Amino acid sequence: MARSIIICKSVHHQNTWKVAQAVADVLHAEVVEPEEFPAADLDEYELVGFGSGIYYGGFHPSLLNWIRSLPDAALVHRRAFVFSTSGLPLLWRFWHRPLTTELARKGFEVSGEFHCRGFDSWGPLGIFGGINRHHPNEKDLRHAAEFAREMLATGDREQVYRAAG
Ligand SMILES: Cc1cc2nc3c(=O)[nH]c(=O)nc-3n(C[C@H](O)[C@H](O)[C@H](O)COP(=O)(O)O)c2cc1C
């Protein structure tokens, strides 16, 4: 199995961290925050996951900054995948794009993308108890684990896209 690491930033309700753990269990990967993972350590991994909640229509800025800090074209044949949770699910593929574009620019092959709903009590939503109160739920996490298994099974052959909930 490819040696894997998951870089995750989950600041609202730890929603995305739960997804990261479900994927990590399948990949036998560690989940770390970008601030605690030096780019130089990337050499030890073949498959790298990047995930966060969606904040104001995008990933947490620390993820994009982390990827931008990598030297250009220093990565030969390394696979990546991205995942997110958000209050509203519809635009997730669009919200993922800046990160996947930057990953490709740095030489990563993007092997998969995953999204599911996450409990959202941001701003005025909090007054009404928030939305997606029980997400990610067990079914979402099962989908996340299936996504990881599918990614392992397809290897380099194709990309895996999955949305749950
Ligand atoms: C400051 C802030 C901004 C947010 N912006 C969006 C947004 O633009 N679109 C959306 O669908 N959800 C948005 N959300 C909801 C989060 O994406 C959702 O709750 C997510 O599951 C949080 O993940 P986390 O618990 O891992 O931080 C926002 C939440 C916060 C706190």
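Fair warning: this is a prediction, and the values are worked out from it, not measured in the lab.

It is worth spelling out the overall build of the chain at this point. Counting its secondary structure elements, the chain contains 4 helices and 6 strands. When the helices and strands of the chain are placed in sequence order, the string is β-α-β-β-α-β-α-β-α-β. Taking 165 residues into account, the globule formula puts the C-alpha radius of gyration at 15 Å, and the chain, at 15 Å, falls close to it. Taken along its principal axes, the extent of the C-alpha atoms in the chain is 50 × 30 × 25 Å. Per-residue burial over the chain gives 51% buried out of 165 residues. Partitioning the contacts of the chain with sequence separation of at least 6, the portion at a separation of at least 24 is 75%. When the accessible surface of the chain is totalled, it reaches about 8200 Å², and 54% of it is carbon and sulfur. Between the mean site of the 17 positive side-chain charges and the mean site of the 20 negative ones, the chain shows a separation of 6 Å.

Take helix α2 (residues 61–68) next. An α-helix turns once every 3.6 residues. As a result, residues three or four positions apart point the same way. Buried within α2 we find S62, L63, L64, W66 and I67. Looking at the packing, one finds that the buried side of α2 touches β1 (4–9), β3 (47–53) and α3 (92–105).

Around the ligand lies a shell of 21 residues, among which S10, T16, I54, Y55 and T85 are the nearest. A distance of 2.5 Å separates an oxygen atom of the ligand from a polar side-chain atom of S10. Within the complex, 90% of the 640 Å² of free accessible area of the ligand lies under protein. Only α1 (15–27) and β4 (78–86) provide two or more residues apiece to the shell around the ligand. Taken together, the residues that form the shell around the ligand break down as 8 nonpolar, 12 polar and 1 charged.

What follows covers the packing of aromatic side chains. With the rule as written, the count across this model stands at 8 aromatic pairs. Here F37 and W66 contribute two aromatic rings whose centre-to-centre distance is 5.8 Å and whose plane-to-plane angle is 25 degrees, an arrangement assigned as stacked. One end of the pair, F37, is in the loop between β2 (30–32) and β3; the other, W66, is in helix α2, and 29 residues separate them in sequence.

Take the side chain of S52 next. Note that S52 resides in strand β3. Judged by relative accessible area, which is 0%, S52 ranks as buried. Looking at S52, its side chain comes within polar contact range of the main-chain nitrogen of H60, at 2.9 Å. Discounting chain neighbours no more than four positions away, the residues touching S52 are K9, T16, F59, H60, L63, F83, S84 and T85.

This paragraph deals with the pairing of β4. The element β4 is largely enclosed, with a buried count of 9 among its 9 residues. Of the two faces of β4, the one lined by R78, A80, V82, S84 and S86 and the one lined by R79, F81, F83 and T85 are each fully buried. With 7 bridges connecting them, β3 and β4 associate as parallel partners. Across the sheet, G49 pairs through a bridge with F81, a residue of β4. The sheet contact formed by β4 and strand β5 (residues 108–117) spans 9 bridges and is parallel. The residue of β5 that forms the bridge with R79 is E109.

Attention shifts here to a nonpolar patch on the surface. Together, L90, L91 and F94 make up a nonpolar patch on the protein surface, roughly 380 Å² of accessible area in all. Take F94: it is sitting in helix α3. Judged by relative accessible area, F94 falls into the exposed class, the value being 51%.

Rules used throughout
Residues numbered from 1 in each chain as written. Predicted model: local features only at pLDDT ≥ 70, side-chain atom pairs only at ≥ 80, totals over all residues. Heavy atoms only, no water. Helix = DSSP H or I, 4+ residues; strand = E, 2+ residues; numbered from the N terminus. Rg over C-alpha atoms; globule rule 2.2 N^0.38 Å. Buried < 20%, exposed > 50% of the residue type's maximum accessible area, 1.4 Å probe, protein only. Contact = heavy atoms within 4.5 Å. Areas by Shrake-Rupley, 256 points an atom, 1.4 Å probe, with all protein chains shown as cover. Lys, Arg positive; Asp, Glu negative; His and termini not counted. Charge placed at Lys NZ, Arg CZ, Asp CG, Glu CD. Near = heavy atom within 4 Å. Polar contact = N/O pair within 3.5 Å; in protein donor to acceptor, adjacent residues only side chain to side chain. Nonpolar A, V, L, I, M, F, W, Y, C, P; charged D, E, K, R; others polar. Phe/Tyr/Trp six-rings, centres within 6.5 Å; stacked < 30°, edge-to-face > 60°. Pairing = 2+ DSSP bridges. Patch = residues over 30% accessible without salt bridge, like charges linked within 9 Å, V, L, I, M, F, W, Y side chains within 5 Å. Salt bridge = Lys/Arg side-chain N within 4 Å of Asp/Glu carboxyl O.

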